[in-house]
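Close look at the chain arrangement
Chain by chain, the residues run as shown.
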Amino acid sequence: MTLLIFYLLALTALVVSLVFIPLILVTAIPLSAVYYHSLIRKPVVWGITLFVVAWQGWMIVQTGVFPWTHAVPLALIGLSVFIIYNLYPSVAFPAVDYPEMSDDPRALPIKDDAQVAIIEHNGITKAYPLDYLIHGHIINDWFGDRLVSLTYCALCRSVIPFDVTDIGPLYVGAMKNGNMVLADRKTGTFFQQGTFESVIGPLHPLTLEMVMFQFLTWKQVKELDEMPLMPHVTEHDFRPFALPIPGAWEKLTKGDLTPGLSSAKRDKSFPARTSVIGITDPSVSPQIVYVKDEVLEKGVVKNDARGLFLVAQDKAVNAFRSFANGTPIDLSLSEGSDLKDVATGTIWDVRGKYKSGPIQSNLEMVMTSDEYWYSWKLFHPRSELIRL
C-alpha cells in the first residue's frame, strides 16, 4: 500500500512539473493556466517531496532498512524537483542584471557582422550584442535613474526594450503564441512581449512603455565618433544558443514550425520565418510592414504618406522622419555609413546624429521592429503590407 501511495505521489509531482510543456505549446490553453501553474508548481512538488522523504525516513527509523522498491518513486520525485529548477523558462534563460561595462569596447571579441541593439535613454547610450542577449533573453540595466529591460524573443526574433522603472526588473515568465511572456519580479504579473500588455497578475491591466532603440552591426558601432557603453563580454558569451534539451532548438526553429502557435492561427502569406520590418511607432496608424530583404535591396526607402525613411545598411534597418528641424529632407547613403540630405548636403552618421551641413539637428528616429512574419502578423493583424 505504501509503495502504491509513493508511486501516485511521484507521478503527481512529475505531471505537475511537466505539464508546463502542453500549457505553453497548445494554443487553445489560455495564458492564465500557465500563470496559475507558475504559482503552484514549486509548492506542490516540494510538498510531495518533503512528505515522502519524511515518511520514508520514519520507516527507516522504525525498521532500520531502506526498501529498494521505493527507489523508483523517489527517483521520479527527484526528477520532478530537477525539472522545476532547470527546464522552466525563468531558469533556462536567466535574465542578466546590471552587466559590468567594458573599459575598452573596441577590444571586445565581437564579430563585425554581429547585430547590436543601441539604446539611448535618459541621456545615456548603451549597446548590447544580440548574440549575448539571446542566452538570457532579457538584460535589466540602469540608464541613470531609469531602469530598462531589453527583451529578446529568440523564437520570433523580436527585440523590445521597456522602461520598467516603476515596476522593477523583468524575467522570462513563459512562452505563448510563439512569443515570449515577460514577468516582473515584484508581483509576477505576466506580459505578452508582442503586445506590450499585461495578461494576468496583480498589475493587470498595464501596458509596458517601449524605449526607442536602433539596430547596427558591430562594424558600424566601431565607426561611430562616440562609442556607446558596452557590456564586458567574453568569448563564452557568444557560444551557440541551445535549449536545455540537446537538439531541441534546431528542431523548434526548423522550417515553418511555430511552437505555441497553431497552424490555424498563423498567417501563411509568407513562410513563418520571413524577416520583416514593422513600424511600431504610435504616430503611424495604421501600422505598416515591409519585407526586410526588399528593404535591404533598395538601401533607402521613402514613405511620403507616413513621412518617414527606412535606411538599410549591413543587414541593419532603421527608420527616420522625413524632416529635420522642420525642414523636409531627402535621404541618401553617403560615404561609409553616413546619411546625406540630397538637397542641402547635410551629413548625419548611421544613427542619425548631426555631423555637418546647414540642417544643424539630429534626425528623429521612428520605432521599428525587425522580427519574423508570423509573430508580426499575429500581434499586428491590421497592419498594411507594403511591397517594394
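Conventions adopted
Residues numbered from 1 in each chain as written. Predicted model: local features only at pLDDT ≥ 70, side-chain atom pairs only at ≥ 80, totals over all residues. Heavy atoms only, no water. Phe/Tyr/Trp six-rings, centres within 6.5 Å; stacked < 30°, edge-to-face > 60°. Helix = DSSP H or I, 4+ residues; strand = E, 2+ residues; numbered from the N terminus. Lys NZ or Arg CZ within 6 Å of the ring centre and 35° of its normal. Core = buried A, V, L, I, M, F, W, Y, C linked by side-chain atoms within 4.5 Å. Buried < 20%, exposed > 50% of the residue type's maximum accessible area, 1.4 Å probe, protein only. Contact = heavy atoms within 4.5 Å. Pairing = 2+ DSSP bridges. Patch = residues over 30% accessible without salt bridge, like charges linked within 9 Å, V, L, I, M, F, W, Y side chains within 5 Å. Areas by Shrake-Rupley, 256 points an atom, 1.4 Å probe, with all protein chains shown as cover. Salt bridge = Lys/Arg side-chain N within 4 Å of Asp/Glu carboxyl O. Lys, Arg positive; Asp, Glu negative; His and termini not counted. Charge placed at Lys NZ, Arg CZ, Asp CG, Glu CD.

1. Here we look at the packing of aromatic side chains
- Inspection of the entire model under this criterion finds 11 aromatic pairs.
- The interplanar angle of 80° and the centroid separation of 5.0 Å between the aromatic rings of F270 and W373 together place this pair among those described as edge-to-face. Of this pair, F270 sits in the loop between α8 (248–252) and β13 (275–279) while W373 sits in helix α10 (residues 373–379), and the two are 103 residues apart along the sequence.
- An aromatic cluster of at least three residues, connected via ring pairs, comprises F6, F51 and W55.
- Lying over the aromatic face of Y88, R41 brings its terminal NZ or CZ to 3.8 Å of the ring centre.
- In this structure, K126 packs its charged tip against the face of F143, placed 5.2 Å from the ring centre.

2. Comments concerning the nonpolar core
- Within the largest apolar cluster, 73 residues are counted, with the highest numbers of intra-cluster contacts made by L208 and L331.
- The element best represented in this core is strand β5 (residues 146–153), accounting for five residues.
- Residues contacting L208, with those up to four places away along its chain left out, are F162, V164, I167, L170, L182, F191 and F196.
- The next biggest cluster of nonpolar side chains, apart from the first, holds 18 residues, and it includes V16, I83, I84 and A183.

3. Describing the sheet that holds strand β1 (residues 96–97)
- Pairing in this open sheet of five strands is mixed, and the strands run β1-β4-β5-β6-β11 from one edge to the other. Strands at the two margins of the open sheet, each flanked by one partner only, are β1 and β11 (209–210).
- Across two bridges, strand β6 (residues 158–163) lies against β11 in antiparallel orientation. Bridge pairing in β11 links F162 to M210.

4. A word on the pairing of strand β15 (residues 300–303)
- Judged by which residues are buried, β15 turns out to be one-sided: V301 and N303 face inward and are buried, whereas V300 and K302, on the alternate face, are not.
- Note that β15 and strand β16 (residues 308–313) share four bridges and pair antiparallel. Across the sheet, the residue bridging to V300 is V311, located in β16.
- The antiparallel pairing of β15 with β16 creates a hairpin that spans four residues between the two strands, and G307 there sits at a positive phi of about 65°.

5. Brief notes about a negative patch on the surface
- Together, D113, D131, E223 and D314 line one region of the surface with negative charge.
- Looking at where D314 falls in the secondary structure, it is placed in the loop between β16 and β17 (316–321).
- Take D314: its relative accessible area is 42%, and that puts it in the partly exposed class.

6. Considering a nonpolar patch on the surface
- Taken together, the side chains of L18, I21, L25 and V26 make up a nonpolar region of the molecular surface, amounting to roughly 280 Å² of accessible area.
- With respect to the element layout, V26 can be found in the loop between α2 (20–25) and α3 (31–63).

7. Overview of the side chain of Q115
- The topology assignment puts Q115 in strand β2 (residues 115–121).
- Apart from residues no more than four positions distant in its own chain, Q115 is found in contact with Y128, P129, L130, R157, L216, K292, K315, A316 and D370.

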